[in-house]
Structures are given as structure tokens and as C-alpha cells.
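This is what each chain is made of:
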Amino acid sequence: MASVNKTAHPFDRTRFEALLNRRFFYAPAFEIYGGVAGLYDYGPPGSSLQANIIAEWRRHFIVEEHMLELDTTVMTPAPVFEASGHVARFADWMVKDTKTGDVLRADHLVGGVLEARLAGDREARGAAAAAAGGEEGGKRKKKVKVTAVKLDDEAVKEYERILTLLDNYSGPELGGLVRKYDIRNPDTGNEVGEPQQFNLMFASSIGPTGQHPGFLRPETAQGHFLNFSRLLEFNNGRVPFASAQIGRAFRNEISPRAGLLRVREFTMAEIEHFVDPGDKTHARFASVEGLVLTLLPRSTQSSGSSATTQMSVGDAVDAGVVANQTLGYFLARIHLFLVRIGVDPARLRFRQHMDNEMAHYAADCWDAELRGAAGWTECVGCADRAAYDLSVHSARTGNSLVVREALKEPVVTEREVPEFNKKALGKSFKQDAAPLQKLVEAMDESELLRLKGELAQGSAVVKAADGREFTLTPEVLAIERKTFKQSIREFTPNVIEPSFGLGRILYILLEHSFWSREQDVERGVLSLPALVAPTKVLIVPLSARDEFAPLVQEVSEKLRAAGVSARVDDSNTSIGKRYARNDELGTPFGVTLDFASVKNRTMTLRERDTMEQRIGPIDEVIACLKELVSGDITWGTACAQLPAYDGVQAVDA
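Read on for a plain summary of the structure.

Scoring rules and cut-offs
- Residues numbered from 1 in each chain as written.
- Predicted model: local features only at pLDDT ≥ 70, side-chain atom pairs only at ≥ 80, totals over all residues.
- Heavy atoms only, no water.
- Pairing = 2+ DSSP bridges.
- Helix = DSSP H or I, 4+ residues; strand = E, 2+ residues; numbered from the N terminus.
- Axes fitted to C-alpha atoms, helices over the stretch in contact; angles between N-to-C directions.
- Contact = heavy atoms within 4.5 Å.
- Core = buried A, V, L, I, M, F, W, Y, C linked by side-chain atoms within 4.5 Å.
- Buried < 20%, exposed > 50% of the residue type's maximum accessible area, 1.4 Å probe, protein only.
- Phe/Tyr/Trp six-rings, centres within 6.5 Å; stacked < 30°, edge-to-face > 60°.
- Patch = residues over 30% accessible without salt bridge, like charges linked within 9 Å, V, L, I, M, F, W, Y side chains within 5 Å.
- Areas by Shrake-Rupley, 256 points an atom, 1.4 Å probe, with all protein chains shown as cover.
- Salt bridge = Lys/Arg side-chain N within 4 Å of Asp/Glu carboxyl O.
- Polar contact = N/O pair within 3.5 Å; in protein donor to acceptor, adjacent residues only side chain to side chain.

Here's the deal with the sheet that holds strand E13 (residues 309-312)
Phase 1 of the analysis: The strand order across the open sheet built from nine strands is E3-E10-E11-E21-E16-E15-E14-E12-E13, with neighbouring strands paired in mixed fashion. Both outer strands of the open sheet, strand E3 (68-70) and E13, are each paired with one neighbouring strand and no more. Each adjacent strand pair in this sheet contributes to an overall mean axis angle of 30 degrees, direction not counted.
Phase 2 of the analysis: Pairing analysis gives two bridges linking strand E12 (residues 292-296) to strand E14 (residues 348-352), with the strands arranged parallel. Directly across from Leu-295, in E14, lies its bridge partner Phe-350.
Phase 3 of the analysis: Strands in contact with helix H2 (residues 44-63) are E3, strand E10 (241-250), strand E11 (265-275) and strand E21 (494-501); relative to E11, the strand with the most contacts, it is inclined by about 0 degrees.

As C-alpha cells, this is what we get:
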């Protein structure tokens with residue numbers, strides 16, 4: 001097999017994005033009307049690529065893990081998000097240009113400006129300046145023009161420390177950084193105001209009267225939690241189990257300026273794995289515990305460093321770096337999925353959330369981050385949401401969202417129980433009787449024992465939350481120790497949630513796959529795996545003459561019957577140009593039909609990256625293609641099965 005030099009030319013983001021635009025992987029929505037920031041349409045190759053990623057996601061997670069798939073509504077009544085905390089806390093910090101009113105996301109502004117200053121310092125010192133935001137430890141920030149200005153060594157260290165801790169700053173702290181380092185709107189040079197919170201949900205109303213407020217969902221998760229009781233019943237009342245959903249979500253981003261990396265409407269794939277809070281082991285953990293991941297723990301970031309650690313999943317769980325087996329299992333499965341669809345594992349890391357950036361519901365959270373030209377981008381979040389969601393929806397609605405588990409051996413316990421004389425209670429306390437009863441019944445064992453002792457002395461005093469005191473006597477209240485036999489255990493399950501932003505994954509996968517031919521920088525190639533490539537095989541007839549039509553149709557039908565998507569390019573341009581423009585689309589294989597094919601029923605098979613060609617009978621080549629596309633064999637194996645093509649087919653058999 002021929003070797004391929006994919007790094008002969010440095011990555012050129014301008015050339016890469018021009019290819020995506022020219023070949024219509026995606027484009028701004030409503031473009032002929034001027035477009036709207038943060039909204040994009042996918043073209044044929046982009047749509048097919050996304051569909052193939054989703055198909056593999058469904059196989060890798062839903063099918064292999066026996067998950068329960070859902071499809072819930074986008075429009076959501078306001079009380080749901082009031083209970084979940086999204087109305088109060090689903091927000092980012094923004095600042096406004098004091099003169100133009102332009103709105104900027106505060107953390108991206110601070111990060112972009114400081115990274116540009118560091119890049120300018122490197123340039124001034126004679127080092128090659130990377131584009132702002134593209135450093136190893138950096139994350140995506142606002143793109144800022146780089147000016148060569150040397151900084152003091154202490155300033156360099158301070159800027160690097162701030163960038164490492166950026167995700168952990170609160171709004172007021174970001175405002176302090178803006179003032180301290182004179183950070184301005186890079187587009188205008190104007191000062192910006194104090195950071196303000198901006199809720200990211202799109203508000204709407206349900207029905208013609210406008211009396212039922214609602215929101216477009218910013219995530220699919222709430223649909224899982226609201227259907228928990230039905231899912232539990234479907235799973236025969238047992239945990240652990242997982243539900244999964246692929247669907248659209250909406251976030252009113254403050255400044256969506258990074259293409260598919262920050263948009264206002266996008267496709268998510270989310271899993272909610274419901275687990276016993278007392279047992280977060282995973283039955284399949286042994287299958288992944290030896291997998292080594294690149295980790296950036298919270299403790300490392302807090303020290304001002306972005307140095308990663310290579311650690312097996314098993315060691316990470318044993319050391320307490322990853323909280324539990326189930327969380328660790330899903331980190332491993334996320335890694336395997338991303339690598340399988342074509343993400344470069346050398347540019348993949350798992351970063352643990354710092355305390356201040358943790359979602360309001362999360363007990364622990366890790367992001368799978370992918371590094372591209374714009375820096376590190378979070379593409380998958382994996383959070384331990386504890387029992388937060390089920391608890392708040394249960395409290396809001398009065399519906400019990402719990403698991404009832406029959407115990408193998410009944411549990412016998414004793415505890416103090418308050419017994420009221422209802423008639424005496426009502427006569428003595430009238431309208432205060434009911435709240436007084438609730439107050440006593442809510443007391444713990446130690447408080448009840450104190451009351452019991454005081455009642456034995458004649459009376460006991462109970463103090464309400466509003467400061468009022470009530471004197472109870474043995475005629476009104478008796479506290480007795482009783483024995484209870486428990487055959488059913490009732491608990492609210494915890495939730496482990498992997499959440500995938502498919503648009504971000506798609507974009508960075510394309511970036512990781514892009515390179516230019518060593519001999520010609522203008523010949524771009526997308527080395528997408530056959531598993532997700534929009535089209536698997538290009539059929540190239542040498543001529544548009546009528547005698548080729550039956551053979552082209554036959555090959556197309558046989559490929560379709562084998563489950564291989566194929567596309568015919570019978571344009572008048574040369575075969576080389578036809579292959580080159582399909583290399584841009586990521587098509588991994590091509591077959592050429594020439595006059596010898598018509599005569600001898602043979603055809604050549606070309607591999608995209610190496611451009612090597614083999615030859616064989618049509619049916620053998622198709623059988624080989626089926627195995628190549630399914631991943632059953634490699635190109636090396638195919639080369640062993642089919643002889644090399646020397647550039648000439650003999651017309652005479």
C-alpha cells in the first residue's frame with residue numbers, strides 16, 4: 001500500500017471553510033434575505049453526514065445498550081422550566097458596547113482579547129503566533145485581531161492563569177477582569193458595560209389567547225423526566241435503565257459567530273441513565289476499565305494548569321477522579337463513539353467542570369472536548385444530575401417519581417411516632433391545628449424524643465417558623481415507640497446524562513478529516529470513514545455513450561442491493577477531475593467502467609486517500625466494496641484480494 005502524507009501542508013481554515021461552502025455541506029439559513037446569525041441549513045452532503053452519524057449513534061448506544069428511545073415535544077409549558085430551574089438559571093453573562101449597544105458574551109470577550117494579546121506577545125518575541133484561540137490549552141473565544149506587542153513576563157503568566165480559570169469566573173468577576181485589564185469591544189475599541197445575565201431560552205406562548213406561556217426547549221432532557229413513570233413501567237419497574245432521544249433544541253445565543261460551533265437551533269442526542277443512588281456500579285464496566293483517556297481534572301485547572309493526564313477509566317474511578325463506575329463507563333463509550341466516526345483521538349480530551357461553571361442540577365460533569373483551529377470545543381457533556389430533576393418535578397406536580405423495589409428480606413425498624421387526639425387538638429388550637437400537626441410530624445427522632453420527655457413532665461413547647469409558640473399537653477399529643485416492618489424500598493433514582501451536540505461534532509469531524517494533496521495544495525480531501533461518509537462509492541463511466549448505460553445501471557442496482565450508497569458521475573470532465581471533486585465530498589471509494597468493462601465485465605476500484613487502484617470482475621469488486629464499507633475488511637485486505645491495476649485494461653478477453 002502507498003503511504004500518504006496528510007501533513008505536507010498546514011491546516012488552512014479559509015480553504016477548508018471555502019470547500020464546505022462550495023460543496024454545500026451547510027450554508028446560512030435565509031441567505032437570500034440576508035441571513036440570521038446562528039441559523040444554518042445543511043445541504044445534501046451535510047444532511048447525509050449528519051444522518052450517518054445519527055445512525056451510528058443509535059447503533060452504538062440505543063441498540064447496543066438496550067436503551068428506550070423517546071421522541072418528545074419541542075414546545076414546553078413554562079411551569080416545566082420553572083420547576084427545573086431553567087427560567088431562573090439557564091443564562092450566560094453578556095456585556096454591551098457603551099456606544100453602539102452591540103452585545104458580547106462576557107467570557108468569550110475576555111478570553112479572545114487576552115489570547116490575542118498573548119499571540120501578539122509571541123509574535124513580538126519572534127515566535128510563530130498561533131491564531132487567537134488556537135492554543136493547546138485554550139478554548140473557543142471571540143476572534144480578535146492580533147497586534148505584535150511584547151508583554152511583561154508577569155503579565156504573560158497572569159493572562160495564562162486567567163485563561164485556564166476562565167470557565168470558573170462569575171459575572172461580577174468577569175466584570176472585574178474587564179475593568180482591570182481594559183478589555184474593550186475589539187470591533188469598535190469602545191468600553192463595555194457591567195456583565196448582565198441573559199436567559200438563553202426562546203419564549204413563546206401556547207394557544208390563541210397568549211395565557212399559557214411556554215418555551216422552545218433548550219435540551220431534550222425534560223421529556224425523559226416527565227415520562228419517567230411510564231418508562232419505569234415499560235422496563236418492568238426495574239433500574240438501572242436508560243432512555244435516549246435525538247431531536248432539535250433551541251438556545252438564544254448572545255453572539256453566535258463561530259459557524260456550527262455556536263448556533264441557535266441544533267440537533268442533540270441525549271441519554272438519561274437512571275440508577276440506584278446507592279449503587280452506581282455498571283454491569284459492563286469491566287469491558288472498558290482498561291481504556292486510557294486523556295483527562296483534565298478540576299484540581300489541575302484550579303491550580304492554573306491545563307496539563308492533561310493519561311489514565312485508564314478503571315484507575316480514574318478507583319482514584320476518585322471520576323465519581324463512579326457509571327459515569328466512567330459513559331466517558332469510555334463516548335470516547336469509543338467519537339473515534340469510531342473519525343475524530344482524531346490525539347485531539348480529544350475530557351475536561352471536568354469547575355465548581356462555578358457546573359450546571360445548576362449537576363453533582364459532577366465532564367465535557368468531551370475536541371481541538372480544532374478555533375481551540376478546544378465542548379461537544380459532549382456527561383453529567384451526574386443526581387436526583388435533582390425527578391425531585392423538583394415531583395414536588396411541583398405532586399406526582400411520585402420514585403422506584404419501589406421489593407426487598408429480599410423485610411427490614412424491621414423502631415421509631416417514635418406522634419399520635420394526636422384530633423378532637424382535643426381542634427378544640428385547643430382551632431385554625432392552627434393542621435399546621436401544628438404537620439410541624440410535629442416533620443420532626444426527626446431526636447426532636448420527638450425531646451418532646452416525649454417534656455410531655456412526661458406535664459407539657460411541651462413547640463415553636464413555629466414564624467416565631468409563635470404552642471404548648472402541648474399529654475391530652476393533645478402522645479409519642480409512642482412503634483415497630484415497623486418494611487417490605488418495599490422506595491427511592492428517587494439518580495441520573496447520569498451524556499448529551500451530544502451533533503452539529504459541533506460534525507463540524508470538527510470535518511476539520512479533523514481535511515487535508516490537501518502533497519503535490520497540489522488546491523486539491524482538498526476529506527478523509528471521512530466509510531461508516532459516515534455521505535456517499536460510499538462513486539461510479540465513473542468512461543463515456544456517456546449508450547452502450548455504457550446498461551452496465552452503469554446494473555452496477556448501481558447491485559450496490560444498492562448490497563446496502564452501499566453510490567452516486568454516478570457521468571459528466572464530460574476528465575475522470576481525474578471527477579475523482580478529485582468527490583474526494584472533496586469524502587467519498588472513500590470509486591469504480592471506473594470503461595470499454596473493457598463492457599467487453600470483459602471487469603471494473604477498477606479506487607481508494608480515496610492513497611489513490612491506489614485494483615481491478616477485478618464486477619461481482620467480486622462489489623462484494624469487496626460491501627465488506628470495505630461495513631468495516632469487515634481494510635483496504636490492505638482488499639489489495640490482497642484484488643490485483644493491482646496498471647492503468648490499462650485489455651479489451652480482448
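Some words on the nonpolar core
Considering soluble globular proteins, one finds that nonpolar side chains tend to be buried as a cluster.
Phase 1 of the analysis: One finds Ile-53, Trp-57, Leu-338, Phe-350, Phe-500 and Leu-510 to be the most contacted residues of the largest nonpolar core, which totals 63 residues.
Phase 2 of the analysis: The leading source of residues in this core is helix H12 (residues 325-340), at eight residues.
Phase 3 of the analysis: Ignoring sequence-local partners within four residues, the contact set of Phe-500 consists of Trp-57, Phe-61, Thr-267, Met-268, Ala-269, Ile-334, Phe-337, Cys-379, Val-380 and Ile-505.

A closer look at the packing of aromatic side chains
Phase 1 of the analysis: According to the stated counting rule, one finds 20 aromatic pairs in the structure shown.
Phase 2 of the analysis: Measuring from ring centre to ring centre gives 6.0 Å for Phe-11 and Phe-514, while their planes differ by 90 degrees; the resulting arrangement is edge-to-face. Linking Phe-11 in the segment before helix H1 (13-22) with Phe-514 in strand E22 (residues 514-517), this pair joins segments that are 503 residues apart in sequence.
Phase 3 of the analysis: For Phe-11, a relative accessible area of 35% translates into the label partly exposed.
Phase 4 of the analysis: Given a relative accessible area of 9%, Phe-514 falls into the buried group.
Phase 5 of the analysis: The interplanar angle of 15 degrees and the centroid separation of 6.1 Å between the aromatic rings of Phe-228 and Phe-241 together place this pair among those described as stacked. Linking Phe-228 in helix H9 (residues 228-234) with Phe-241 in strand E10, this pair joins segments that are 13 residues apart in sequence.

Brief notes about unusual backbone geometry
Phase 1 of the analysis: The linkage connecting Val-239 with the following residue, Pro-240, adopts the cis geometry, with an omega of 5 degrees.
Phase 2 of the analysis: As for its position among the elements, Pro-240 is in the loop between H9 and E10.
Phase 3 of the analysis: The phi angle at Asn-236 is positive, at roughly 60 degrees, despite the residue not being glycine.
Phase 4 of the analysis: Considering the arrangement of structural elements, one finds Asn-236 in the loop between H9 and E10.
Phase 5 of the analysis: Asn-236 gets classed as exposed once you look at its relative accessible area, which sits at 62%.
Phase 6 of the analysis: The backbone of Ala-386 shows a phi angle near 55 degrees, a positive value even though the residue is not glycine.

Looking at a nonpolar patch on the surface
Phase 1 of the analysis: On the surface, Phe-30, Ile-32, Tyr-33 and Val-36 cluster together into a nonpolar patch covering about 550 Å² of accessible area.
Phase 2 of the analysis: Tracing the backbone shows Val-36 in the loop between strand E1 (26-28) and strand E2 (40-42).
Phase 3 of the analysis: Residue Val-36 is classed as partly exposed on the basis of its relative accessible area, which comes to 41%.

A short note on the side chain of Gln-352
Phase 1 of the analysis: By secondary structure assignment, the location of Gln-352 is in strand E14.
Phase 2 of the analysis: There is a polar contact of 3.0 Å between the side chain of Gln-352 and the side chain of Asp-364.
Phase 3 of the analysis: Ignoring anything within four residues of it in the chain, the contact list for Gln-352 reads Leu-296, Pro-297, Arg-298, Gln-301, Val-321, Glu-357, Asp-364, Cys-365 and Trp-366.

Let's talk about the sheet that holds strand E8 (residues 202-206)
Phase 1 of the analysis: Pairing within the open sheet is antiparallel, and its three strands lie in the order E4-E9-E8. Edge positions in the open sheet fall to strand E4 (75-77) and E8, since each of these has one partner strand only. Adjacent strand axes in the sheet meet at a mean angle of 40 degrees, parallel and antiparallel pairs treated alike.
Phase 2 of the analysis: Across three bridges, E4 lies against strand E9 (residues 212-216) in antiparallel orientation. Bridge pairing links Thr-76 to Phe-215 in E9.

Section: the side chain of Ser-556
Phase 1 of the analysis: Here Ser-556 is to be found in helix H18 (residues 549-561).
Phase 2 of the analysis: The class of Ser-556 is buried, set by a relative accessible area of 10%.
Phase 3 of the analysis: When sequence neighbours within four positions are dropped, the list of residues in contact with Ser-556 reads Ile-539 and Val-568.

So, the environment of Ile-539
Phase 1 of the analysis: In this structure, Ile-539 sits in strand E24 (residues 537-541).
Phase 2 of the analysis: For Ile-539, a relative accessible area of 0% translates into the label buried.
Phase 3 of the analysis: Along the chain, Ile-539 and Val-568 lie 29 residues apart, while their C-alpha atoms are 4.6 Å from each other.

Things to note about the environment of Arg-257
Phase 1 of the analysis: Note that Arg-257 resides in the loop between E10 and E11.
Phase 2 of the analysis: Judged by relative accessible area, which is 47%, Arg-257 ranks as partly exposed.
Phase 3 of the analysis: Along the backbone, Arg-257 and Tyr-159 are 98 residues apart, and their C-alpha atoms lie at a distance of 23 Å.

Section: the pairing of strand E18 (residues 460-463)
Phase 1 of the analysis: Of the two faces of E18, only one is covered, namely that formed by Ala-460 and Val-462; the face formed by Val-461 and Lys-463 stays uncovered.
Phase 2 of the analysis: When E18 meets strand E19 (residues 469-472), the two strands line up antiparallel, connected through four bridges. For Lys-463, the partnering residue across the bridge sits in E19 and is Glu-469.
Phase 3 of the analysis: Counted between consecutive antiparallel strands, the loop separating E18 from E19 contains five residues, among which Gly-467 sits at a positive phi close to 100 degrees.

Brief notes about the pattern of salt bridges
Phase 1 of the analysis: Within the structure shown, the criterion is met by 57 salt bridges.
Phase 2 of the analysis: The residue Lys-558 makes a salt bridge to Glu-554 at a minimum N-O spacing of 2.9 Å. With a gap of four residues between them, Lys-558 and Glu-554 both fall in helix H18, about one helical turn apart.
Phase 3 of the analysis: You can call Glu-554 partly exposed: its relative accessible area is 21%.
Phase 4 of the analysis: Measuring nitrogen to oxygen at the nearest pair gives 2.7 Å for the salt bridge that ties Asp-619 to Lys-558. Placement of Asp-619 in helix H21 (residues 618-630) and of Lys-558 in helix H18 is noted, with a sequence separation of 61 residues between them.

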